[in-house]
Amino acid sequence: MSRLFGTDGVRGEANTELKPELAYRLGRAAALYFGKRFEDKPKILIGRDTRISGEMLEAALITGICSAGGHAISVGVIPTPGVAYLVKKIHAVAGIVISASHNPFYDNGIKFFGGNGYKLPDAVEDEIADIVYKIETDDTFARPTGAKIGELEYRKDLREDYTDFVISTTSEKFDGINIVLDCANGAAYDIMPKVLKRLGAEVILMGDKPDGININDECGSTHIENLRLEVLRRRADIGIAHDGDADRCLCIDEKGNLIDGDHILIMCAKLMMDVGALVKNTVVTTVMANIGFRQAIENLNGRYEVTAVGDRYVLENMLQHGYNLGGEQSGHIIFTDYSTTGDGLITALQVLTAMKKSGKSASELNEMMTTYPQVLINVRVKDKKISQEADAVKRAITEGIEELGDSGRILVRASGTEPLVRVMAEGPNKAQLDRICNKIASEIEKVNA
């Protein structure tokens, strides 16, 4: 039996793979699990992004929670890190986010946070999954009656608490900074404009009119070209883009150049090192980090540690060693001084704070790191394991590694959230990288034909 929880919760196409029946069982299982361990009527906080399927899945989750005697608290549309923050603030035993992050609108997901604001360990997810399977096959679990039946509470006011918290993470005001903000028609569409305006910034909005199906649609951090054009057209000081659930942030400098997660980490590392706030002068990153990142952090007399791809692995390393800055090239940045997970809103404020405190433009900060050419091809596959282990694929990878030698690298890995194998090559010659990646991708496609 395959594992119910993936690397970032339970995901699938809404109403086909991720059905309301499954959401109901997940809600019921969560209330049973946390109720047994913490309290008779466990408080479970629920937030979602703007997808059309979000309300349907939320209703099913709430029904499941209440059927097991839980106390469901709905905050409505809110960034994923908002749930991580609020679950601790209101002393809930768990938080649930309904979102598929940067995926298209027809996908959705359900992921859990513990009462400490951290994502649940694999072992706990597996225990909840076991209850889900038992509910599906033979639901003999107790059903409370009378006053013990669960209840639903709407707390949209809690979104203002999260807004205040985000603002508190910077001591700077951003008067005079002209920002183009792309909210991806997602979870940040209401809160982030308020944050920036309350801090004095001049804000030009994009992706702030969600209709249920336009989340991540040619907007946000996964489609950043439109933001680049708008920054140049408006002669803005910086562009900021979030993904659908706003746990990520990417930026565009005033010259139209991308500021990806690697560059953001360098900017924030320098900001923190200047005041002695970067623990052990160390940044945690992943195997996807550009070679230029490694050179830049060393030029700052800092150091880095490398993990597998995935924010949970970055955070695991940070907590194990006490580091307070880490992240991914995708713009998922974690500041453990403020948050238990990646927060795109806080990340954006830290970039703006770096600009304000240094007196430098976004492009000047961006130039602290030189990005080596990097080619990434996503190949849709039927079987991730076969796609990576086929002899022809291995041979193409080996040939590419030998051709690049010490001047570059190749990384082929399966996506943890989508049916994709990602082929990445990095080095000084883009044409060479294109050819090598296309060769590997072609062999993977043949395996899946």
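See above for the structure.
What you see is a predicted model; the values in this text were computed from it and never measured. (Residues numbered from 1 in each chain as written. Predicted model: local features only at pLDDT ≥ 70, side-chain atom pairs only at ≥ 80, totals over all residues. Heavy atoms only, no water.)

Broken down by element type, the protein carries 15 helices and 18 strands. Against the 2.2 N^0.38 benchmark of 22 Å for 449 residues, the protein shows a C-alpha radius of gyration of 22 Å, consistent with a compact globule. Taking the principal axes of its C-alpha atoms as reference, the protein extends roughly 70 × 60 × 40 Å. Every one of the 449 residues in the protein was classed for burial, and the buried ones make up 59%. Across the protein, contacts joining residues at least 24 apart in sequence account for 71% of those joining residues at least 6 apart. Per element, the accessible surface of the protein, about 18400 Å² overall, is 48% carbon and sulfur. (Helix = DSSP H or I, 4+ residues; strand = E, 2+ residues; numbered from the N terminus. Rg over C-alpha atoms; globule rule 2.2 N^0.38 Å. Buried < 20%, exposed > 50% of the residue type's maximum accessible area, 1.4 Å probe, protein only. Contact = heavy atoms within 4.5 Å. Areas by Shrake-Rupley, 256 points an atom, 1.4 Å probe, with all protein chains shown as cover.)

Turning our attention to the sheet that holds strand β3 (residues 71-77). Taken together, the six strands give an open sheet; going across it, the order is β1-β5-β4-β2-β3-β6, and neighbouring strands pair in mixed fashion. Where the open sheet ends on each side, the last strands, each with one partner, are β1 (10-13) and β6 (151-154). On average, each strand axis in the sheet is tilted by 20 degrees relative to the strand beside it, whichever way the strands run. Note: strand β2 (residues 43-48) against strand β4 (residues 94-98), five bridges, orientation parallel. Counted as the bridge partner of Gly47 is Val97 from β4. Contacting β2, β3, β4 and β5 (107-114), helix α3 (residues 80-89) crosses the sheet at an angle of about 165 degrees to β4. Set on the sheet, helix α5 (residues 158-168) makes contact with β2 and β3; between it and β3 the angle comes to about 60 degrees. (Pairing = 2+ DSSP bridges. Axes fitted to C-alpha atoms, helices over the stretch in contact; angles between N-to-C directions.)

Moving on to the environment of Leu181. By the secondary structure assignment, Leu181 is in strand β7 (residues 178-182). Through-space distance from the C-alpha of Leu181 to that of Asp383 is 38 Å; in sequence the pair is 202 residues apart. When near neighbours in sequence (up to four residues on either side) are disregarded, Leu181 contacts Met192, Pro193, Leu196, Val203, Ile204, Leu205, Met206, Ile240 and His242.

Let's shift gears to the sheet that holds strand β16 (residues 374-380). Taken in spatial order, the three strands line up as β16-β18-β17 in an open sheet, and their pairing is antiparallel. Each having just a single partner strand, β16 and β17 (409-414) make up the two edges of the open sheet. Adjacent strand axes in the sheet meet at a mean angle of 15 degrees, parallel and antiparallel pairs treated alike. Along the sheet, helix α14 (residues 391-404) contacts β17 and β18 (420-426); its crossing angle with β17, the most-contacted strand, is approximately 155 degrees.

To continue, consider the side chain of Lys119. Note that Lys119 resides in the loop between β5 and α4 (122-138). Residue Lys119 is classed as buried on the basis of its relative accessible area of 19%. There is a polar contact of 3.1 Å between the side chain of Lys119 and the side chain of Asp8. One polar contact links Lys119 to Asp311, side chain to side chain, over a distance of 2.8 Å. Once you skip the residues sitting within four places of it in the chain, Lys119 turns out to touch Asp8, Phe112, Phe113, Asp311 and Thr341. (Polar contact = N/O pair within 3.5 Å; in protein donor to acceptor, adjacent residues only side chain to side chain.)

This part takes up the packing of α3 against α5. Relative orientation of the contacting elements α3 and α5 amounts to 105 degrees, with a least axis distance of 10 Å. Put simply, α3 runs roughly perpendicular to α5. Mapping the contact onto sequence places Pro81, Gly82, Tyr85, Leu86 and Lys89 in α3 and Leu158, Asp161, Tyr162 and Phe165 in α5. For the contact of α3 with α5, the per-class residue count stands at six nonpolar, one polar and two charged. (Parallel < 35°, antiparallel > 145°, perpendicular 65-115°, else oblique. Nonpolar A, V, L, I, M, F, W, Y, C, P; charged D, E, K, R; others polar.)

At a closest axis distance of 8 Å, the pairing of α14 and helix α15 (residues 430-447) adopts a crossing angle of 170 degrees. One element, α14, and the other, α15, form an angle in the roughly antiparallel class. The residues of α15 that touch α14, namely those facing Ala392, Val393, Ala396, Ile397, Gly400, Glu403 and Leu404, are Gln432, Leu433, Arg435, Ile436, Lys439, Ile440, Glu443, Ile444 and Val447.

Enumeration according to the criterion identifies 36 salt bridges in this entry. Among the charged side chains, a salt-bridge network with shared partners connects Asp8, Arg11, Lys111, Lys119, Asp245 and Asp311. (Salt bridge = Lys/Arg side-chain N within 4 Å of Asp/Glu carboxyl O.)

Our next topic: the state of the cysteines. On inspection of all chains with the given rule, the structure shows zero disulfides. Free cysteine Cys249: the closest other cysteine sulfur is in Cys251, separated by 3.8 Å. Since its relative accessible area comes to 0%, Cys249 is described here as buried. (Disulfide = S-S within 2.5 Å.)

Bringing the packing of aromatic side chains into the picture now. For the structure on display, the rule yields eight aromatic pairs. Aromatic ring contacts, followed pair by pair, group Tyr85, Tyr162 and Phe165 into a single cluster. (Phe/Tyr/Trp six-rings, centres within 6.5 Å; stacked < 30°, edge-to-face > 60°.)

Here we take up the environment of Ala60. Its location among the elements puts Ala60 in helix α2 (residues 54-67). A relative accessible area of 11% means that Ala60 is categorised as buried. For the pair Ala60 and Arg25, spaced 35 residues apart in sequence, the C-alpha separation works out to 8.4 Å. Discounting chain neighbours no more than four positions away, the residues touching Ala60 are Pro20, Ala23 and Tyr24.

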